[in-house]
Amino acid sequence: VWNGSSWTVDRSSTGLSLGSYNKYWVKLAAKPGSDEIAMITLDSGYDVYGAIWSGSAWGNAQSLESSMSYYQYDSIAVEYMQSGTGAGKAMFTWLASTQLQSRIWNGSAWDAELPTSWYGGNGRWLTLKADPNSNKLVATIVDDQSDLSVAIWDGSAWSALGKGAGVTFLAA
């Protein structure tokens, strides 16, 4: 955190309690037209946490999951809905076994966890992107069978668009 004259990197100075394990993945999303930032983390204890930066301090830390299948894969995401009835709400998503799990920060509190969406094998890779002209989001998932699945958030529920087999990854 930049305090105006120097950087502080000591976890105790943030006031956050996001578990004691090493963080393997950290994702951030900025709320349009605001100083608010949403953060989601995945640690080596298989835990997922969410937190909100208000523009001056971190707060509203929430344990989202305590039994992820993997911590080695990029299986978390966060994104703000851009317009419509969901504008300014942050969607936190994570892959727990064969399920896309999600929870919304509504701007002042955490909503209840949303019903899960099944997509296939054990999820390993997740991306989440917002439609700039609506409250829709799209999640893409690659599982341990190299199958690609796509789900759409329409502002009130997830719907699966299906899955394709045999995604081939090229080594860099």
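To keep things clear, this report deals only with the structure shown in the data block.

Cut-offs and rules
Residues numbered from 1 in each chain as written. Predicted model: local features only at pLDDT ≥ 70, side-chain atom pairs only at ≥ 80, totals over all residues. Heavy atoms only, no water. Helix = DSSP H or I, 4+ residues; strand = E, 2+ residues; numbered from the N terminus. Buried < 20%, exposed > 50% of the residue type's maximum accessible area, 1.4 Å probe, protein only. Contact = heavy atoms within 4.5 Å. 1 Å grid on protein atoms, 1.4 Å probe; cavity = no way out; pocket = protein on both sides within 12 Å on 5 of 7 lines; lining within 4 Å. Points joined across faces, edges and corners; volume = space filled by probe spheres on them. Nonpolar A, V, L, I, M, F, W, Y, C, P; charged D, E, K, R; others polar. Core = buried A, V, L, I, M, F, W, Y, C linked by side-chain atoms within 4.5 Å. Pairing = 2+ DSSP bridges.

1. As for the overall build of the protein
Inference 1: Each helix and strand in the protein was counted, giving zero helices and twelve strands.
Inference 2: Secondary structure of the protein in N-to-C order comes out as β-β-β-β-β-β-β-β-β-β-β-β.
Inference 3: Relative to its 172 residues, the protein shows a buried fraction of 41%.
Inference 4: Here the contacts in the protein between residues at least 6 apart in sequence split such that 41% fall between residues at least 24 apart.

2. Considerations on empty space enclosed by the protein
Inference 1: Summed over the entire model, instances satisfying the criterion amount to one cavity of 30 Å³ or more.
Inference 2: Contributing to the lining of the largest cavity are Leu100, Ser117, Trp118, Tyr119, Ile141, Ser149, Val150, Ala151 and Ala160.
Inference 3: If you list the elements that add at least two residues to the lining of the largest cavity, you get strand 8 (117-118) and strand 11 (148-153).
Inference 4: Sort the elements by how many residues they give to the lining of the largest cavity and strand 11 lands first, with three residues.
Inference 5: In terms of residue class, the lining of the largest cavity is built from seven nonpolar, two polar and no charged.

3. Some details on the nonpolar core
Inference 1: Val48, Phe92 and Trp94 are the most contacted members of the largest nonpolar core, which has 18 residues in total.
Inference 2: For this core, the elements supplying multiple residues, two or more each, are strand 2 (37-43), strand 3 (48-53), strand 5 (76-80) and strand 6 (90-96).
Inference 3: Looking at this core element by element, the count peaks at four residues for strand 6.
Inference 4: Aside from chain neighbours lying at most four places away, what touches Val48 is Ile40, Thr41, Leu42, Gln62, Ser63, Leu64, Glu65, Met68, Ile76 and Trp94.
Inference 5: One finds Met91, Leu126, Leu128 and Trp153 within the second-largest nonpolar core, a separate group that totals 16 residues.

4. What to know about unusual backbone geometry
Inference 1: One non-glycine residue, Tyr46, lies in the positive phi region at around 70°.
Inference 2: Residue position: Tyr46 is located in the loop between strand 2 and strand 3.
Inference 3: Judged by relative accessible area, which is 32%, Tyr46 ranks as partly exposed.
Inference 4: Its identity as a non-glycine residue notwithstanding, Asn60 has a phi of 55°, on the positive side.
Inference 5: Following the sequence through the fold, Asn60 ends up in strand 4 (residues 58-65).

5. With respect to the sheet that holds strand 7 (residues 99-105)
Inference 1: In spatial order, the strands read 5-6-7-8; together these four strands make up an open sheet with antiparallel pairing. With one partner strand each, in any of the chains shown, strand 5 and strand 8 form the two edges of the open sheet.
Inference 2: Where strand 5 meets strand 6, five bridges bridge the pair, whose relative direction is antiparallel. Across the sheet, Ile76 pairs through a bridge with Trp94, a residue of strand 6.

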